[in-house]
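The residues making up each chain are set out below.
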Amino acid sequence: MSPTRRTIIGGLIGGAAVTALPFALRGEPGSRPTAVPDPGFTRIANQAALPAQFSLPLKFPPVLRPTRTDSTTDYYTITAREANLTILPGMSTRVFSYEGSFPGPTIEARSNRRVVVTTTNQLPVPTVTHLHGGHTPADSDGYATDLILPVGGWPAAPAHATSHTGHMGHAAEMAGVVAQGTRDYVYPNKQRAATLWYHDHRMDFTGPQVWRGLAGFYLIRDSVDDALPLPEGDRELPLMIMDRSFDANGQFTYPSADPTLRTPGLTVNPNGVQGDVMLVNGVPWPFHEVKQAKYRLRLLNAANSRRLRVSLSPSPSGGKAFTQIGSDGGLLAAPQQMSSIYMVPGERFDVIVDFSKYAAGTNVVMTNSLGESSTNKIMQFRVTGPASDSSSIPAQLSTVERLDPNQSVRTRTFTFLNTSRNGKEVHVINDQLFSTGYIMADPRLGQIETWEFRSSTHHPVHVHLNPFQVISREGGLEPEDAGWKDTVRLTPGDSVRVAIRFDDYAGKYMLHCHNLEHEDMAMMANFQVS
Ligand code: C2O
Ligand code: CU
Ligand code: CU
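Given the structure is predicted, the values throughout are model-derived calculations rather than measurements.

Novice: Explain the overall build of the protein chain here, please?
Specialist: A count of helical and extended segments in the protein chain gives five helices and 36 strands. Here the protein chain holds 530 residues, and the buried ones make up 61% of them. Pairs at least 24 residues apart make up 79% of the contacts formed inside the protein chain by residues separated by at least 6 positions. If you sum the accessible surface of the protein chain, you get close to 18200 Å²; carbon and sulfur atoms cover 51% of it.

Okay, here's the thing in structure tokens:
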């Protein structure tokens, strides 16, 4: 075994409130993996008293104000810190927050206008922030070991080094660019208008740290999007959807082997943690009053591992519920009608819903047909009454440059497999556990490549730095494949090919499964752009 290869600690030590479903699969890397139906997730049973569904109003995270601006740049400060927030009525939940808010405050950025976020870590653990969907230079991309250590201090190497068991010398392997307490992230925003989000990306601990609350929206706007007659203002709704569970005292329950988040690993099978409470913008099953008018919904699946298939119930008269106008990487060329949207963790869908198709007084539920009894409903829209609406959905939304697969200089294959090592379930890409020192792909700046993702079971695959275009899928392209993507779903036995071009920034970046438990259990790889 290579000295840079990681072994995984943290096995099955059981958990009272936990249902671990069986899970065993094998496959030979390189060959077409055998389709394995959903191996099942670990569901954490909620123990806290819950509000009735659709009894709490939807909230929106505050829009963060810059501390200063100049001709090129907006400057922000964000402090990551613990906070006690009321998520469940009458209870206080201790969260990991950005600026005391869960979700974190929304950053509003302009295309080609720089944002600098001075981030201070007052959490009890290291953190690192990644801007998901950002076209970001490597040193600000939030590489998993580029940690910001707590201002309050953090024991040197040994505590973190335990994340890589089995060999000496891993401290050097681990060493990212570590900041003491605070650092700046610089985002050039040299990209189209799009719905992005920022979240923790700490090596081995992204699952628990996002679960505790480290996620926020980052919206990039541009003149193309501004010029369209789309719904705006209070008819534009960013909706961060996630599942959680709470203990009897209202605290987030997550099956960390070490609740202090020093030693990685779970007390349960690492196939993905799920809760049975649906939150939208941090509110359990909220309701929101809407007029009989068009609304723009920026949907984000921010769950650790839960896949969603959302639709509206009742469906509107005469037509499909959603008109999709944008995907991960911004506006589509032309809108498409969808009656449901399959969203895997990390994906965004920018959609218009026309509530004028409903009678006043109608309660419209956003449902999740992939959910269970409590997670099959997400939120409710209450259609109040008429309103003027000058918005419209143009037949042509934007120009989407097509990456020509014929210009691709090479094809690389990435096989995502759940397997076992030394009796432990692990998740590998091309038979590799993640190691900071192993470069799986070395694309050249400016070149287009074809990347083929294969899998035995469900994996939402995410690539940093550049968006891509899905060019083929076993069984045919899906509507959700449209436009510029940075996260794509792989289903059992799937093979998906994408065209991707490596623009502007050289350096080492990550690609990984966005099931955060898979990611923490090593389903991550490096590519080095030069
Ligand atoms: Cu949203 Cu590398 O992740
Ligand atoms: Cu990302
Ligand atoms: Cu996965």
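Novice: When you look at the nonpolar core in this model, what are you seeing that I'm missing?
Specialist: The nonpolar side chains of soluble globular proteins are, as a tendency, buried together. One finds Leu239, Leu297, Leu299, Met366 and Phe381 to be the most contacted residues of the largest nonpolar core, which totals 61 residues. At five residues, strand β14 (residues 236–244) tops the list of elements feeding residues into this core. Counting 28 residues, the second-largest nonpolar core is a separate cluster that includes Tyr98, Val128, Leu131 and Ile148.

Novice: Sorry if this is basic, but what is going on with the sheet that holds strand β35 (residues 507–513) here?
Specialist: Sheets are built from strands paired through backbone hydrogen bonds, the pairs being either parallel or antiparallel. A sheet is described by the order of its strands in space; here five strands give the open sequence β29-β36-β35-β31-β33, paired in mixed fashion. Strands at the two margins of the open sheet, each flanked by one partner only, are β29 (439–441) and β33 (487–490). Neighbour-to-neighbour, the strand axes of this sheet turn through a mean angle of 35°, independent of strand direction. One ladder, built from three bridges, connects strand β31 (residues 459–463) with β35; its direction is antiparallel. What sits directly across from Val461, in β35, is Cys513.

Novice: When you look at unusual backbone geometry in this model, what are you seeing that I'm missing?
Specialist: Glycine aside, residues mostly have negative phi angles, and peptide bonds mostly take the trans form. The linkage connecting Phe102 with the following residue, Pro103, adopts the cis geometry, with an omega of -5°. One can find Pro103 in the loop between β5 (93–98) and β6 (104–110). A cis geometry characterises the amide bond from Ser313 onward to Pro314, with omega recorded as 0°. The residue Pro314 is located in the loop between β20 (308–313) and β21 (322–327) in this model. Unusually for a residue other than glycine, Phe54 sits at a positive phi of about 65°. Of note, Phe54 is situated in the loop between β2 (42–44) and β3 (68–69). For Phe54, a relative accessible area of 12% translates into the label buried. Positive phi, close to 75°, is recorded for Leu465, a residue that is not glycine. Tracing the backbone through its elements, the reader meets Leu465 in the loop between β31 and β32 (468–473). On the basis of relative accessible area, Leu465 is assigned to the buried category, the value being 3%.

Novice: Help me understand the confidence of the model for the protein chain in this model?
Specialist: Residues shown with low pLDDT carry predicted positions that ought not to be read at fine detail. Here the protein chain averages 91 in pLDDT, while 89% of its residues score no lower than 70. Across residues 1–30, confidence stays below pLDDT 50; counting only partners more than four residues off in sequence or on other chains, it has 86 contacts. Long-range and interchain partners of residues 159–170, a stretch whose pLDDT sits below 50, account for 27 contacts in this model, where long-range means more than four residues apart.

Novice: Would you explain the coordination of the copper ion (ligand 2) in this entry?
Specialist: Put simply, a metal with four donors set out as a tetrahedron has ideal angles of 109.5 degrees, and one with six donors set out as an octahedron has ideal angles of 90 or 180 degrees. The protein atoms that coordinate the copper ion (ligand 2) are His130 (NE2) and His462 (NE2), at distances of 1.8 to 1.9 Å. In this pair, His130 is assigned in strand β8 (residues 129–132) and His462 in strand β31, connecting sequence segments 332 residues apart. With a relative accessible area of 1%, His130 lands in the buried category.

Novice: Even after reading the chapter, I still don't get the sheet that holds strand β27 (residues 411–421), so can you show me in this structure?
Specialist: Read across the sheet, five strands follow the order β28-β27-β30-β34-β32 without closing on themselves; strand pairing throughout is mixed. Since the sheet does not close on itself, it has two edges, and those belong to β28 (424–429) and β32, each with one partner. Direction aside, the axes of adjacent strands within the sheet are offset by 20° on average.

Novice: How should the side chain of Lys294 be read in this particular structure?
Specialist: Its place among the elements puts Lys294 in strand β19 (residues 294–301). Residue classification places Lys294 among the buried residues on the basis of a relative accessible area of 14%. Looking at Lys294, its side chain comes within polar contact range of the main-chain oxygen of Ser391, at 3.0 Å. Not counting residues up to four positions away in its chain, the partners in contact with Lys294 are Pro231, Arg235, Ile352, Val353, Asp354, Asp389, Ser391, Ser392 and Ile393.

Novice: Sorry, what's going on with the coordination of the copper ion (ligand 3) here?
Specialist: Around the copper ion (ligand 3), the donor atoms from the protein are His459 (ND1), Cys513 (SG) and His518 (ND1), and they sit 2.0 to 2.1 Å away. Each donor residue of the copper ion (ligand 3) belongs to the same chain, with the gaps between them written as H-x53-C-x4-H. Of this pair, His459 sits in strand β31 while His518 is found in helix α5 (residues 516–520), placing the two residues 59 residues apart along the sequence. Each member of the pair, His459 as well as His518, carries the same accessibility label: buried.

Novice: Looking at this model, I keep getting lost on the pairing of β28. Mind explaining?
Specialist: Most of β28 is tucked away: five of the six residues are buried. As defined by bridge partners, β27 adjoins β28 across six bridges and the pair is classed as antiparallel. Paired with Thr419 across the strands is Val426, a residue of β28. Counting the residues between successive antiparallel strands, the hairpin from β27 to β28 contains two residues, one of them, Asn422, with a positive phi of roughly 50°.

Rules and cut-offs
- Residues numbered from 1 in each chain as written.
- Chains lettered and ligands numbered in written order.
- Predicted model: local features only at pLDDT ≥ 70, side-chain atom pairs only at ≥ 80, totals over all residues.
- Heavy atoms only, no water.
- Helix = DSSP H or I, 4+ residues; strand = E, 2+ residues; numbered from the N terminus.
- Buried < 20%, exposed > 50% of the residue type's maximum accessible area, 1.4 Å probe, protein only.
- Contact = heavy atoms within 4.5 Å.
- Areas by Shrake-Rupley, 256 points an atom, 1.4 Å probe, with all protein chains shown as cover.
- Core = buried A, V, L, I, M, F, W, Y, C linked by side-chain atoms within 4.5 Å.
- Pairing = 2+ DSSP bridges.
- Axes fitted to C-alpha atoms, helices over the stretch in contact; angles between N-to-C directions.
- pLDDT = per-residue confidence, 0-100.
- Donors = N, O, S within 2.8 Å, 3.2 Å for Na, K, Ca; no water.
- Polar contact = N/O pair within 3.5 Å; in protein donor to acceptor, adjacent residues only side chain to side chain.

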